[in-house]
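Residues per chain, in single letters:
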Amino acid sequence: GGEKAGSGPNGHTEGPAAEQRGGGRLRSCRGFLRRNALVLLTVSGVVVGVALGTVVRGANLSTAQVAYLAFPGELLLRMLRMVILPLVVCSLVSGAASLDTRSLGRLGGIAVAYFLGTTLLASGLAVALGFIIRPGAGASALNTPGLGLASAMPTSKETVDSFLDLVRNMFPANLVAAAFQTYATEYKMLLRNTTSGNVTWEKIPVGTEIEGMNILGLVLFALVLGVALKKLGQEGEDLIRFFNSFNEATMVLVSWIMWYVPFGIMFLVGSKIVEMEDIVLLVTSLGKYIFASILGHFIHGGIILPLLYFASTRQNPYRFLLGLITPFATAFATCSSSATLPSMIKCIEENNGVDKRISRFILPIGATVNMDGAAIFQCMAAVFIAQLNNVDLNPGQIFTILVTATASSVGAAGIPGGGVLTIAIILEAIGLPTNDLSLILAVDWIVDRTTTVVNVEGDALGAGILNYLNEKANKDKVQELKEVTVEAIANSKSEEETSPLVTHKNQVYSTTSPADPESKESVL
């Protein structure tokens, strides 16, 4: 339009054209802002939060005042946790019911292989980095009470009991209780008098219910329920429709909560910075450990996972990840994979065009089962504590670390600090003292942020890969169907001409005249 306007005899019309161009640019700029408003707001929320925390730090707030400062952030966490239960259950039921059993089995198999493979890769990477960087070497003078976290020690738990608890939690005895309680084994010391007069103490495992959603049990139940509803056919359709609409309604709630995220994140980050103890002491003493963990996360999340995605789909992984900045910022601020799930499902469907059936089937499972970042952080912590105590790990112990980290990251709660308990399991498995865990806890809030980002990134790229494979399978199926129908049409013509049956029939009608009853009978 600009050329036409400018090509007038005196060139008078160039002004409006230039205006039009300017207006177009303004419009596209406005469109970009409208599309990415949430991303920009979320990122600026994090930045403003850091600034706010740094400014307020100087004011020496009391504990109560810090709690008030954290209040808007706490509200955000509560809202996100509120939608987790309906989101996980409904999305898994509708996801499992909408996929046919064959593709469900195929996709489920690929997903499990992907989750296990990436977690093992992450564990291996962490152990290798631990041996190269040696974060625990020369840090043994650290067991100072200055970090003030000795009280927050988790009790040691037998490795066998940890795995039995994991299996028990997969099959909750009470579904309603599973929404807010998890089964955990504790120990009672029992006094035993032996005949010779010696007194021995016996450690007896006792089952207890602890606070916290048993998301693993709910995931498994929802999946099986979805498959069962699909089996019912006509009868199950009403209930599937119910879960579908419940799911859609929850997603609408999520889209509303998403607009509160930037505000909540600002206060979450700000209050965390105000709460920090002596940060200089932490960084100087545990700097190598923090650096090694974050480097591991960076390599795994920035290089290995995108390479896997590229190898599987031949598409640009970074463009895919660019659409997920909001969930990543949420993960960074909340330190919780489960709390990031709502925004992740929303963004991956809207920005990256992943099929709803895939995202709603795979992301809730991923948020529970796939913890690449946690595996890196746990293996690094185990190697760090071994070096701290001057223990040289033998190949058997390294193998134990890898297997235990991969297996226990399945059961790690998707909550802030959920990984510290699993480190206790790993340390028990390789026979190291658990009293150095207070050091890990001291810097957990720093490392946990990148951990959670890598966790949710692994889930997202897994969903992307599965979506690609599913589309490819469907295309192949359509192609096959087309070929079959084309062949069928081609055959049907030739049949009319050459099929012996058809010609025979014609002959019957032509040869049998009413005057020749015998021949008619014989033909019949």
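Small disclaimer: the values here were computed from a predicted structure and weren't measured. (Residues numbered from 1 in each chain as written. Predicted model: local features only at pLDDT ≥ 70, side-chain atom pairs only at ≥ 80, totals over all residues. Heavy atoms only, no water.)

On to the packing of aromatic side chains, then. Within a pair of aromatic rings, the relevant descriptors are the distance that separates the centres and the angle that separates the planes. Under the defined criterion, the tally for this structure stands at seven aromatic pairs. Through a chain of ring-to-ring contacts, the aromatic side chains of Phe242, Phe243 and Phe246 assemble into a single cluster. The ring of Tyr187 carries Lys203 above its face, with NZ or CZ at 4.6 Å from the centroid. The side chain of Arg314 reaches across the aromatic face of Phe310, ending 5.8 Å from its centre. (Phe/Tyr/Trp six-rings, centres within 6.5 Å; stacked < 30°, edge-to-face > 60°. Lys NZ or Arg CZ within 6 Å of the ring centre and 35° of its normal.)

The next point concerns the confidence of the model for the protein chain. Taken residue by residue, the protein chain gives an average pLDDT of 82. The fraction at 70 or more is 83%. Looking over the protein chain, one finds the lowest element-wise mean pLDDT in helix H1 (residues 2-6), namely 44, and the highest in helix H12 (residues 317-322), namely 94. Every residue in residues 1-9 scores below 50 in pLDDT, and together they form nine contacts with partners more than four places removed in sequence or on other chains. Counted against residues more than four places away or in other chains, residues 517-524, with its pLDDT under 50, gives three contacts. (pLDDT = per-residue confidence, 0-100. Helix = DSSP H or I, 4+ residues; strand = E, 2+ residues; numbered from the N terminus. Contact = heavy atoms within 4.5 Å.)

This brings us to helix H18 (residues 419-430). With twelve residues, H18 extends 17 Å from end C-alpha to end C-alpha; this agrees with the ideal 16 Å at 1.5 Å per step. With respect to burial, H18 is a largely interior element, nine of its twelve residues being buried. Among all positions in H18, only Gly419, Val420, Thr422, Ile423, Ala424, Ile425, Ile426, Leu427 and Ile430 are buried. In the stretch just after H18, Gly431 is the one whose phi turns positive, near 70°. (Expected span 1.5 Å × (residues − 1). Buried < 20%, exposed > 50% of the residue type's maximum accessible area, 1.4 Å probe, protein only.)

The next subject is the UniProt feature "transmembrane region" (unreviewed entry) in the protein chain. Under the UniProt annotation, the feature "transmembrane region" (unreviewed entry) is placed at residues 37-59, 79-99, 111-133, 212-229, 250-269, 289-308 and 320-341. Regarding residues 79-99, the helix share stands at 95% and the strand share at 0%, and the terminal C-alpha atoms are separated by 30 Å. Secondary structure within residues 320-341 divides into 82% helix and 0% strand; the distance between the first and last C-alpha atoms comes to 17 Å. (UniProt positions renumbered as here; feature names shortened; annotations may be inferred.)

Another point: the side chain of Ser359. If you trace the backbone, Ser359 turns up in helix H15 (residues 356-369). Residue classification places Ser359 among the buried residues on the basis of a relative accessible area of 0%. A polar contact is formed between the side chain of Ser359 and the backbone oxygen of Lys356, at a distance of 3.2 Å. When residues no more than four places from it in sequence are discounted, the contact partners of Ser359 are Ile348, Glu349, Val354 and Pro364. (Polar contact = N/O pair within 3.5 Å; in protein donor to acceptor, adjacent residues only side chain to side chain.)

The next thing to look at is unusual backbone geometry. Positive phi is not limited to glycine here, since Arg314 has a value of about 55°. By the secondary structure assignment, Arg314 is in the loop between helix H11 (279-313) and H12. The backbone of Cys335 sits at a positive phi, close to 60°, despite the residue not being glycine. In this fold, Cys335 is placed in the loop between helix H13 (325-334) and helix H14 (337-350).

Compared with an ideal rise of 1.5 Å per residue, which puts 14 residues at 20 Å, H15 spans 20 Å between its outermost C-alpha atoms and is within 8% of the ideal. With eleven of its 14 residues buried, H15 lies for the most part within the structure. Along H15, the residues that are buried comprise Ile358, Ser359, Arg360, Phe361, Ile362, Leu363, Pro364, Ile365, Gly366, Ala367 and Thr368.

Another aspect to go through is the environment of Ala137. Considering the arrangement of structural elements, one finds Ala137 in the loop between helix H5 (101-133) and helix H6 (159-170). When its relative accessible area of 32% is taken as the criterion, Ala137 is described as partly exposed. It is 7.9 Å that separates the C-alpha atoms of Ala137 and Asn390, two residues lying 253 residues apart in sequence. Filtering out sequence-adjacent residues up to four positions away, Ala137 remains in contact with Lys288 and Gln387.

The tally for this structure, following the rule as stated, stands at two cavities of 30 Å³ or more. Considering only enclosed or pocket space, the second largest cavity measures out at about 40 Å³ in volume. Sorting the residues of the lining of the second largest cavity by element identifies H14, H15 and helix H19 (437-498) as the ones contributing at least two each. A total of four residues in the lining of the second largest cavity trace back to one element, the largest contributor, which is H14. Classifying every residue of the lining of the second largest cavity by side-chain character gives five nonpolar, two polar and one charged. (1 Å grid on protein atoms, 1.4 Å probe; cavity = no way out; pocket = protein on both sides within 12 Å on 5 of 7 lines; lining within 4 Å. Points joined across faces, edges and corners; volume = space filled by probe spheres on them. Nonpolar A, V, L, I, M, F, W, Y, C, P; charged D, E, K, R; others polar.)

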